[in-house]
Amino acid sequence: MTTIKSENDERCFVEQAMTFFVLKFFPSIYLSIGFHGTFWIYAAFALVGGLFGYILVPETKGKSLKEIESFFKKERDEKEAHLIFKA
C-alpha cells in the first residue's frame, strides 16, 4: 500500500521537475515568441492542469483518509484484475 510520505515525495519530484523546465526553457521561449506568447503558453498549461484536476481527480471533501484510501485501492484492484484476466 502506498503511504502518504511516498505520495508527497512523488509530488515534490514532479513540482521540482516542472520548476526546472520552466526555468530552463523560459529564456528561449521568451526570445522566440515574446513575452505575451510565453505568458499564453504557460496560461494554457495551467488551464489544462486545472481541467485535469477538476475532471479526473475525485472529490475528497468531507471524507476520511480511510475512505479515500479504500476508493483508490478499489480502483487499483479493479485495474489489476482487468489486466490479469485480459492476458
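As shown above, the structure is provided for reference.
The residue numbers shown here count from 1 along each chain, following its written sequence. Only residues with pLDDT of at least 70 are given local features in this predicted model, and only at 80 or more are side-chain atom pairs given and counted; all residues enter the totals for whole chains, interfaces and linings. Here the side-chain values reflect all heavy atoms present in the structure, with hydrogen atoms and water set aside.

**Topic: the overall build of the protein chain**
Turning to step 1, where the next piece is worked out: Under the DSSP-based scheme used, a helix requires at least four consecutive residues in state H or I and a strand at least two consecutive residues in state E, with every element numbered from the N terminus. Scanning the protein chain for helices and strands turns up two helices and zero strands.
Turning to step 2, where the next piece is worked out: Only protein chains enter the accessibility calculation, which uses a 1.4 Å probe; a residue is then buried when its area is under 20% of its type maximum, exposed when over 50%, and partly exposed in between. With 87 residues in all, the protein chain has 2% of them scored as buried.
Turning to step 3, where the next piece is worked out: Accessible surface, the protein chain as shown: approximately 8100 Å² in total, 70% of it carbon and sulfur. Using a 1.4 Å probe, the Shrake-Rupley method yields the accessible areas, and only the shown protein chains count as cover for residues.

**Describing a nonpolar patch on the surface**
Turning to step 1, where the next piece is worked out: Taken together, the side chains of L47, L51, F52, Y54, I55, L56 and V57 make up a nonpolar region of the molecular surface, amounting to roughly 820 Å² of accessible area.
Turning to step 2, where the next piece is worked out: As for its position among the elements, V57 is in the loop between α1 (4-56) and α2 (65-86). Residues forming no salt bridge and having over 30% relative accessible area are the ones grouped into patches, like charges within 9 Å of each other and nonpolar side chains (Val, Leu, Ile, Met, Phe, Trp, Tyr) within 5 Å. The salt bridge criterion pairs a side-chain nitrogen of Lys or Arg with a carboxyl oxygen of Asp or Glu, the two atoms within 4 Å.

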